[in-house]
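Results of the structural survey
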Amino acid sequence: MDAIDEHIILLLQENGRLSNQELAAQVGLTPAPCLRRVRKLEEDGVITGYTAIIDRTRMGRGFEVIIHADLVAKDFRTVGAFEDRMVEMNEVAELRRMFGIPDYFIRVRVDDLAAFEKWLTIQLMGDPAIARVDSRITMKILKTDAP
């Protein structure tokens, strides 16, 4: 990967809908070699897909909370069942099993504080695998690479 490939990646991250001609012009290539580079980046797994950036507020998912959660037990059955339940929940935007403490990092997106309180009380704290939950509400996002 060279500087041109990195520039292609940066431009596509900013606007995945750039036409090949627009992209080629911005990186200083003609369209054919630019397209070959993009296809190679895709084939090599550097570019894994293209996505739309969504206004989560308009979709009823504008309230985001980060949760640290610990389980009562760490056996295979408890962990597997808990993870299966969490993965199936629409409100769970991100679920990470962590080394050390906490056991899990969970990013939840819901409509508002009332919806979060209901989800937290019924869905998460009502889960028999949960020992402890610590919720963090974001004041302001200063930087993110997530769409």
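Figured I'd write up the structure that's included with this text. (Residues numbered from 1 in each chain as written. Predicted model: local features only at pLDDT ≥ 70, side-chain atom pairs only at ≥ 80, totals over all residues. Heavy atoms only, no water.)

What about the sheet that holds strand β3 (residues 104-110)?
Sheet architecture is open: four strands sit in the order β2-β3-β1-β4, paired in antiparallel fashion. Strands at the two margins of the open sheet, each flanked by one partner only, are β2 (92-97) and β4 (130-137). Between one strand axis and the next, the sheet turns through 20 degrees on average, direction left out of account. The pairing of strand β1 (residues 63-71) with β4 spans seven bridges and is antiparallel. The residue of β4 that forms the bridge with valine 65 is isoleucine 137. Most of the contacts of helix α4 (residues 76-88) go to β2, to which it runs at about 160 degrees, and overall it touches β1, β2, β3 and β4. Packing of helix α5 (residues 113-124) onto the sheet brings it into contact with β1, β2, β3 and β4, and relative to β1 it is tilted by some 20 degrees. (Pairing = 2+ DSSP bridges. Helix = DSSP H or I, 4+ residues; strand = E, 2+ residues; numbered from the N terminus. Axes fitted to C-alpha atoms, helices over the stretch in contact; angles between N-to-C directions. Contact = heavy atoms within 4.5 Å.)

Observations regarding the pattern of salt bridges
A pair can form between side chains of opposite charge whenever their charged atoms are brought close. Going through the model one piece at a time under the given rule, you end up with 13 salt bridges. Put simply, arginine 58 and aspartate 55 hold a salt bridge, and the shortest N to O gap is 3.4 Å. Linking aspartate 103 and lysine 74 is a salt bridge whose minimum nitrogen-to-oxygen distance equals 3.2 Å. Of the two residues, aspartate 103 is situated in the loop between β2 and β3 and lysine 74 in the loop between β1 and α4; the sequence distance between them amounts to 29 residues. One salt-bridge network, in which partners are shared between bridges, spans Glu64, Glu94, Arg96, Arg107 and Arg109. (Salt bridge = Lys/Arg side-chain N within 4 Å of Asp/Glu carboxyl O.)

Side note on the pairing of β2
The pairing of β2 with β3 spans five bridges and is classified as antiparallel. Note on β3: the bridge partner recorded for arginine 97 is tyrosine 104. Hairpin remark: β2 followed by β3, antiparallel, with six residues in the connecting loop; positive phi at glycine 100, about 75 degrees.

Some thoughts on the side chain of aspartate 103
Its relative accessible area of 11% is what places aspartate 103 among the buried residues. Discounting chain neighbours no more than four positions away, the residues touching aspartate 103 are Ala69, Asp70, Leu71, Lys74, Arg96, Arg97 and Met98. (Buried < 20%, exposed > 50% of the residue type's maximum accessible area, 1.4 Å probe, protein only.)

Some details on the environment of aspartate 145
Looking at where aspartate 145 falls in the secondary structure, it is placed in the segment after β4. Between the C-alpha atoms of aspartate 145 and alanine 3, which are 142 residues apart in sequence, the distance is 20 Å.

Some words on the packing of helix α1 (residues 3-14) against helix α3 (residues 31-43)
Relative to each other, α1 and α3 sit at 80 degrees, their axes nearing to 11 Å. Our classification of the angle between α1 and α3 gives roughly perpendicular. Contacts between α1 and α3 involve Ile4, Asp5, Ile8, Ile9 and Leu12 on the former and, on the latter, Cys34, Arg37, Val38 and Leu41. Looking at the contact of α1 with α3, its residues break down into seven nonpolar, no polar and two charged. (Parallel < 35°, antiparallel > 145°, perpendicular 65-115°, else oblique. Nonpolar A, V, L, I, M, F, W, Y, C, P; charged D, E, K, R; others polar.)

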